[in-house]
Amino acid sequence: MPELVPPPPLPVVWRPRRGRFVAYTFATLIVLGAVVMAILIAPPFQLADRIAIVAFGCAVAFVLHLLGRVRVEADDEGVTLVNAARTHRYTWPEVLDVTFVQGDPWPRVDFSDGRTIGAMGIQGSEKPAARRAIAELTALIHDRGEARED
């Protein structure tokens, strides 16, 4: 059960700290490594091979960027879930609840259209920050959602 907290002032953005750091650090190292390898690789490799090495490093960095950009945004209009592959936008009346089962990688947000979407921007591995974010998001849902508790 999430702790009871007052709703935070809007707009608010929740994003993982460690996941972002790891994703962008590795992306930088991979691109730099690909550039160094392309410069220092043995002479039988041609310019096209060197460009392909750098392009592959950039493709891997792009995938890491998709993982590093995840977040949950809440504003006056509703909630935006930015996950690795898709961005979902819902208004407050469409948001029903947020649930987190111990051991899951991130919480799930339930919507009025029957969907349940993972909120990758709140990482369960960051336990104190995740508990706080889930509690704040829950407070916002109860404060602004259609199922308000008076």
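Computed from a predicted model, the values in this text were never measured in an experiment. (Residues numbered from 1 in each chain as written. Predicted model: local features only at pLDDT ≥ 70, side-chain atom pairs only at ≥ 80, totals over all residues. Heavy atoms only, no water.)

(A) Here's a closer look at the overall build of the protein chain. A tally of helices and strands in the protein chain yields three helices and seven strands. Reading the protein chain from its N end, one meets helices and strands in the order β-α-α-β-β-β-β-β-β-α. What you see for the protein chain is a C-alpha radius of gyration of 20 Å, clearly larger than the 15 Å of a compact globule of 150 residues, by over 25%. Over its C-alpha atoms, taken along the principal directions, the protein chain stretches across nearly 75 × 30 × 25 Å. Counting over 150 residues, the protein chain shows a buried share of 37%. Excluding contacts between residues fewer than 6 apart, the proportion of contacts in the protein chain whose partners are at least 24 apart in sequence is 50%. For the protein chain, the exposed surface amounts to about 9,100 Å²; the carbon and sulfur share of it is 63%. Here the protein chain contributes 16 positive and 17 negative side-chain charges, whose respective centroids are spaced 10 Å apart. (Helix = DSSP H or I, 4+ residues; strand = E, 2+ residues; numbered from the N terminus. Rg over C-alpha atoms; globule rule 2.2 N^0.38 Å. Buried < 20%, exposed > 50% of the residue type's maximum accessible area, 1.4 Å probe, protein only. Contact = heavy atoms within 4.5 Å. Areas by Shrake-Rupley, 256 points an atom, 1.4 Å probe, with all protein chains shown as cover. Lys, Arg positive; Asp, Glu negative; His and termini not counted. Charge placed at Lys NZ, Arg CZ, Asp CG, Glu CD.)

(B) Spatial organisation of the nonpolar core. Residues Trp 14, Val 72, Leu 81, Val 109, Ile 122 and Leu 137 are the most contacted members of the largest nonpolar core, which totals 21 residues. Of all the elements in the fold, those that place two or more residues in this core are strand S1 (12-14), strand S2 (71-74), strand S3 (78-82), strand S5 (95-99), strand S6 (108-111) and helix H3 (127-144). In this view, Val 109 contacts Leu 81, Val 95, Asp 97, Val 98, Arg 115, Thr 116, Ile 117, Ala 119 and Leu 137; residues no more than four positions away in its chain are not counted. (Core = buried A, V, L, I, M, F, W, Y, C linked by side-chain atoms within 4.5 Å.)

(C) Focus on the pattern of salt bridges. Within the structure shown, the criterion is met by six salt bridges. The salt bridge involving Glu 126 is made with Arg 18; its shortest N-O contact spans 3.9 Å. With a gap of 108 residues between them, Glu 126 in the loop between strand S7 (116-118) and H3 and Arg 18 in helix H1 (residues 18-40) connect regions that are remote in the sequence. Note that Glu 136 is salt-bridged to Arg 132, the shortest N-O span being 3.2 Å. Of this pair, Glu 136 and Arg 132 are both found in helix H3, four residues apart, which corresponds to roughly one turn of the helix. (Salt bridge = Lys/Arg side-chain N within 4 Å of Asp/Glu carboxyl O.)

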